[in-house]
Amino acid sequence: MSSIQTRRRRASIWREYNNNNNNNRFEGMEHTEESRQFRQEFEDRKKTQDTDLDEISRGLQTLKRLGADMDEEMARQQPAIENIDFKMDGAQAEMKTANMRLKETVEKARSSRHFCVDATLICVLLGIGMYLYRILK
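Residues numbered from 1 in each chain as written. Predicted model: local features only at pLDDT ≥ 70, side-chain atom pairs only at ≥ 80, totals over all residues. Heavy atoms only, no water.

Student: Looking at this model, I keep getting lost on the overall build of the protein. Mind explaining?
Tutor: Helices and strands together make up the secondary structure of the protein, namely two helices and zero strands. With the model as given, the accessible surface of the protein reaches about 13000 Å², and the carbon-plus-sulfur share is 59%. (Helix = DSSP H or I, 4+ residues; strand = E, 2+ residues; numbered from the N terminus. Areas by Shrake-Rupley, 256 points an atom, 1.4 Å probe, with all protein chains shown as cover.)

Student: Explain a nonpolar patch on the surface here, please?
Tutor: Together, V124, L125, I128, Y131, L132, I135 and L136 make up an exposed nonpolar region whose accessible area comes to about 750 Å². The topology assignment puts I128 in helix α2 (residues 33-136). (Patch = residues over 30% accessible without salt bridge, like charges linked within 9 Å, V, L, I, M, F, W, Y side chains within 5 Å. Salt bridge = Lys/Arg side-chain N within 4 Å of Asp/Glu carboxyl O.)

Student: Would you mind going over the pattern of salt bridges with me for this structure?
Tutor: Where charged atoms from two side chains of opposite charge come close, those side chains can pair. Taken as a whole and assessed by the stated rule, the structure comprises four salt bridges. With a shortest N-O distance of 4.0 Å, E33 and R36 are connected by a salt bridge. Taken together, the residues E33 and R36, both in helix α2 and three residues apart, mark about one turn of the helix. Overall, E33 belongs to the exposed group, its relative accessible area being 51%. The salt bridge involving R76 is made with E73; its shortest N-O contact spans 2.3 Å. Here R76 and its partner E73 are both found in helix α2, three residues apart, which amounts to about one turn of the helix. On the basis of relative accessibility, which here comes to 56%, the residue R76 falls in the exposed class. Residue E73 is classed as partly exposed on the basis of its relative accessible area, which comes to 31%. (Buried < 20%, exposed > 50% of the residue type's maximum accessible area, 1.4 Å probe, protein only.)

Student: What exactly am I supposed to notice about the side chain of S57 here?
Tutor: With respect to the secondary-structure elements, S57 resides in helix α2. Residue classification places S57 among the buried positions, given a relative accessible area of 8%. Those residues within four positions of S57 in sequence are excluded, and the remaining contacts are I4 and R7. (Contact = heavy atoms within 4.5 Å.)

Shown next as structure tokens:
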């Protein structure tokens, strides 16, 4: 028996109990129009509450099904996520290695470039020095 059916059954038993006890308790008493209106309004509100509770219950059941579906989907996709994570770790290690190699290559190129620049500057300075030597001689 579902929770809605159980709740409805309990409500039905409670109403039956209240109707039987209310009838016995108030036998011989006359209801005024005001008390009848109050009783009718009370019953209408109880029905509205029951309807609203049923709607909330249906919404909660829908949410429960959605949650179960999401959990099932996550369990189904977990192996793929783990595989992607493993591949990402491998790619990250390869990137670190490639970056280290690139850094070494750049440092080697930079040191040879410095040599070329230094050699060029020495030649320029020697040229200026020779020019000045010829002019001042």
